Structure formats: structure tokens, C-alpha cells
Amino acid sequence: MSGFSGQVGGASHKKVKHQRLNQLARFYERVSSAVQDADEIAIIGPGLAKKSFGYAVGSVGFLGAVAIIIVGHLVTIPTALALAEIATNQRVFVPR
């Protein structure tokens, strides 16, 4: 029985388990940092939109600014629905 120490697991098993825990901890830190950044952007976004709306109205007029918002929604809504279909692997129903 050469090469058999008689122990199951041993020090190398503990080392691998410790490395896995470290990897999970680093992954959790990265994910929580990304979520925190997304939260900050969600909070800052409306304030920036509010500031830029005045600039848009001054540049293209009120109807032009409304047109820009409508065009933005015409692009954003189908993109969000397409991403939802991809993420869930199901068809997203939009009533007509």
C-alpha cells in the first residue's frame, strides 16, 4: 500500500476548502461593490436628468426635449424587454 497515508481529507483538503472560502469572499466583495455602485448611479441619475433637461430645453426647445425623451423611451423599452426574454428564456408578452 505505497502512497496511501491512511487519512481521508487531511491538510490538503483543508487548504482547498480555505482557498474556496477566500475565492467566495472576494467574489462577494466584488458583487456587493457593483451593487453599491448601481445604487449610487440610480440615486444620482434623476438629478443629472433634471439638470440636463433644462439644457435640452434651452437648446432645442420644450417640444424638442419631449421628442428626445420619447425617442429615448422608444429605444429603451424594447431593449429592456429583449433583455428580459434573454434572461428568463421565455417570451415576454406585451399586449397590443
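As a convention, each chain's residues are numbered from 1 in the sequence order in which they are written. With the structure being a predicted model, the display of local features is reserved for residues of pLDDT at least 70 and the display and counting of side-chain atom pairs for 80 or more, all residues being used for whole-chain, interface and lining totals. With hydrogens and water excluded, all non-hydrogen atoms of the structure serve as input to the side-chain values.

A.B. asks: Hey, could you run me through the overall build of the protein chain in this one?
C.D. replies: Only DSSP runs of H or I with at least four residues qualify as helices, and only runs of E with at least two residues qualify as strands; both kinds are numbered from the N terminus onward. Secondary structure summary: the protein chain contains one helix and zero strands in total. Burial analysis of the protein chain (96 residues in total) assigns 2% to the buried set. Only the protein chains shown count as cover for residues, and the accessible areas themselves come from Shrake-Rupley with a 1.4 Å probe. Working note: accessible area of the protein chain is about 8900 Å², and carbon and sulfur atoms make up 66% of it. Burial classes follow relative accessibility: with a 1.4 Å probe on protein chains only, a residue under 20% of its type's maximum area counts as buried, one over 50% as exposed, and anything between as partly exposed.

A.B. asks: I'm lost on a nonpolar patch on the surface in this one. Help?
C.D. replies: A grouping of Phe53, Phe62, Leu63 and Ile69 is seen on the molecular surface, where their side chains present a nonpolar patch of about 420 Å² in accessible area. The exposure class of Ile69 is partly exposed, given its relative accessible area of 40%. Within the patch definition used here, like charges are joined within 9 Å and nonpolar side chains (Val, Leu, Ile, Met, Phe, Trp, Tyr) within 5 Å, considering only residues with over 30% relative accessible area and no salt bridge. Between Lys or Arg on one side and Asp or Glu on the other, a salt bridge is scored when a side-chain nitrogen of the former is within 4 Å of a carboxyl oxygen of the latter.

These values are about where atoms sit, not about what they do.
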